[in-house]
Every structure is written in structure tokens, then in C-alpha cells.
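# Secondary and tertiary structure notes
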Amino acid sequence: MVQTINNSTDNTSKTLSIQVSLNGLSFCTLDADHRIVAIEQDNFGIQLSPEQVLNKIKHTFDNNLALKENFKTIEVIYQNDLYTLVPKPLFNKDLTKEYLKYNIKVFENDFIAYDELEQHDIVTVYVPYANINNFFFDNFGSFTYKHSSTILTSTLLSQEKNNESISVFVNMNEKSFDLIIINRGKLILGNTYNHETKEDFLYYLMFATEQLKLNPEDFRLVFLGDIVKDSEYYTITHKYIRKVEFGSQSRKLKLSSDIPKIEPHEHFVLLSHF
């Protein structure tokens, strides 16, 4: 299920995708030819509250010319660890809080949403930021929203459907990383871990793979997202895991002439669903 809020329609041609977390904000706009005409990222440096993030969003929309458009479609992507993945045969929409309470603290007034990964028999149950949803509803009327893990997991499962080996994907964010492990086209782990240092990162990565009895000499580790090859995270990983590489989008991105080069693994979630 794609979460949609709609009270108006328009006939403009541009598309806006905005990814929201408590640590950062990024957005991308596309023209009618699916060409990227603007892409920006703002890492906050510290974790903010949802109210502070909303103020950041308001400031960005007030001061960025690329956002002063009438967009045909707007999609908000929530990137947080307030989620869980549920096998679709076990999913009951009346029990969404029950699924989450084993992973996070759920409050009585929390709004719970869910996305269906229809081709993969998985449902993402999560907590979106209601105040940010209200902002987009009040200002734009029509928009959709998803959890970032929905896009990441669905995209990687589709890419890996014919792979007969095991792959470990790490999608790096400023203060967290998403770990997706796929074996012969089937999801065997999907989780998000917070990190402050490269040692934090390595601990969670090695612990998770050891629990699944994966041999670091054998599996392929693929980095996505906010990381470069001279990163200390890449360096420490390569000391313990033999096969380390960078991933890429399944199709070549089209960029307008004034957009700097985007590495194929960068902004993986933000750009995967276009």
C-alpha cells in the first residue's frame, strides 16, 4: 500500500522526492523526461526532534528556488529506525502496534502506517512523522509517503532475484546504516543500526553476519548511500571482509547539464523509485 494523502490535483510536470530523517534532509526534483534538475542534501550534524526537523523543512522550502514549483507528484520518504518488516502471510492491519512494540517504544497516540512490497510478500510497518505529513497536506494537498526501508528492500530484492549467492548490502546514512542481507533472491535480514564511530559500525556489521554464520571470506558486501572509497568506514570494513564493493542503480540516471556527477551508489533510496 502506498500511503496517499490527496485533496487537490494539478497539471504540472515536475516530480519532487524528499527524504526526511532526524539527522538530515535531502530532495530531488525531476522534469517530465525523468531528468534530474535539482538534488541537494543537508546533514544536520546532530539528531533533531521531529518539530525541529519540520522547521528545517519549512526553511528549505522558503529559501530554495528549486522547491518553489507546482509539482505534479510529491513523495515523502521517512528514514528512521521506527519500523519492522513483517511477512505478508502473517500481516494483520489491525495489529500494527503489536508488530512494532517488540522493536521500539510505541506510544498510545502514535500513528502507525504500513507499506506493502507486493512482489515480495513483505509489509513494512512504521511510524511516520505526523507533523511533517500535516505540513505537506496543508501546503500541497496531494502527496504520497513511504518508509525508506520499503524502497531499499524492494529495489535490492528485484536486483538480486536471479543471484544464486549471498549479498550483504550496507546503505550508509549520517548517523545510521541499513543492513539488508539477501540469499538467493530471498531476504534473510533487514535492520537499521545507529553508529557514532567506525568501530560502532563494524561491531554491528560483524555481529549480524556472525549470527547468520556468514563467512567474511565468502560473501559480497556492497556499500550504498553516503560513503566514499577513502572513508574510514570503507577502510576498516576491508580489513575484515574480503569482497567489498560499491553498488549502483539498475538504470543510468539522466542529469540536467548543471547537475554535478552523481556516483551510482549515492542517494540510492532517494533515486531508486523514479
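Now for a quick tour of the structure. All chains use their own residue numbering, which begins from 1 and follows the written sequence. For a predicted model such as this one, the threshold for reporting local features is a pLDDT of at least 70, and the threshold for listing and counting side-chain atom pairs is 80 or more; totals across whole chains, interfaces and linings nevertheless cover every residue. Side-chain numbers come from the whole structure's heavy atoms, not from hydrogens or water.

Moving on: the pattern of salt bridges. By salt bridge we mean one thing: a side-chain nitrogen of Lys or Arg within 4 Å of a carboxyl oxygen of Asp or Glu. Inspection of the entire model under this criterion finds twelve salt bridges. Where Glu69 meets Lys14, a salt bridge forms, and the shortest distance between an N and an O atom there is 3.2 Å. With Glu69 in the loop between α1 (50-63) and β5 (73-78) and Lys14 in the loop between β1 (3-5) and β2 (15-20), the pair connects residues that are 55 residues apart, well separated along the chain. Only protein chains enter the accessibility calculation, which uses a 1.4 Å probe; a residue is then buried when its area is under 20% of its type maximum, exposed when over 50%, and partly exposed in between. The exposure class assigned to Glu69 is partly exposed, which follows from its relative accessible area of 31%. The class of Lys14 is partly exposed, set by a relative accessible area of 24%. Between Glu116 and Lys88 there is a salt bridge, and its shortest N-O distance comes to 3.2 Å. Residue Glu116 is found in strand β7 (residues 113-117), and its partner Lys88 is found in the loop between β6 (83-87) and α2 (96-100); the two are separated by 28 residues along the sequence. On the basis of relative accessible area, Glu116 is assigned to the partly exposed category, the value being 25%. The secondary structure listing takes helices from DSSP runs of H or I that are at least 4 residues long and strands from runs of E that are at least 2 residues long, numbered from the N terminus.

Remark: the empty space left among the atoms is shown by a probe the size of a water molecule rolled over them. Within this scheme a cavity is a closed region of a 1 Å grid, computed over the protein atoms alone, that accommodates a 1.4 Å probe without allowing it to escape, whereas a pocket is open but has protein on both sides within 12 Å along at least five of seven lines; lining residues each have an atom within 4 Å of a point. Grid points are joined across faces, edges and corners, and a volume is the space filled by probe spheres set on the points. Of the pockets and cavities examined, the largest pocket occupies roughly 490 Å³. Gln19, Ser21, Gln79, Asn173 and Glu174 are, among the 32 residues lining the largest pocket, the residues nearest its centre. A breakdown of the residues in the lining of the largest pocket according to their chemical character gives nine nonpolar, 17 polar and six charged. In this classification, Asp, Glu, Lys and Arg are treated as charged, Ala, Val, Leu, Ile, Met, Phe, Trp, Tyr, Cys and Pro as nonpolar, and every other residue, Gly included, as polar.

Most of strand β3 (residues 24-30) is tucked away: seven of the seven residues are buried. Covered by surrounding structure in β3 are Gly24, Ser26, Cys28 and Leu30 together with Leu25, Phe27 and Thr29, the residues of both alternating faces. Bridge count between β2 and β3: six bridges; the pairing is antiparallel. When the sheet's bridge partners are listed, Ile18 is paired in β3 with Phe27. If you look at the hairpin formed by β2 and β3, you'll find three residues sitting between the two strands. Two strands are said to pair when DSSP picks up at least two bridges between them. From the end of β3 to the start of strand β4 (residues 35-43), which pair antiparallel, there are four residues, and His34 there has a positive phi angle of about 60 degrees.

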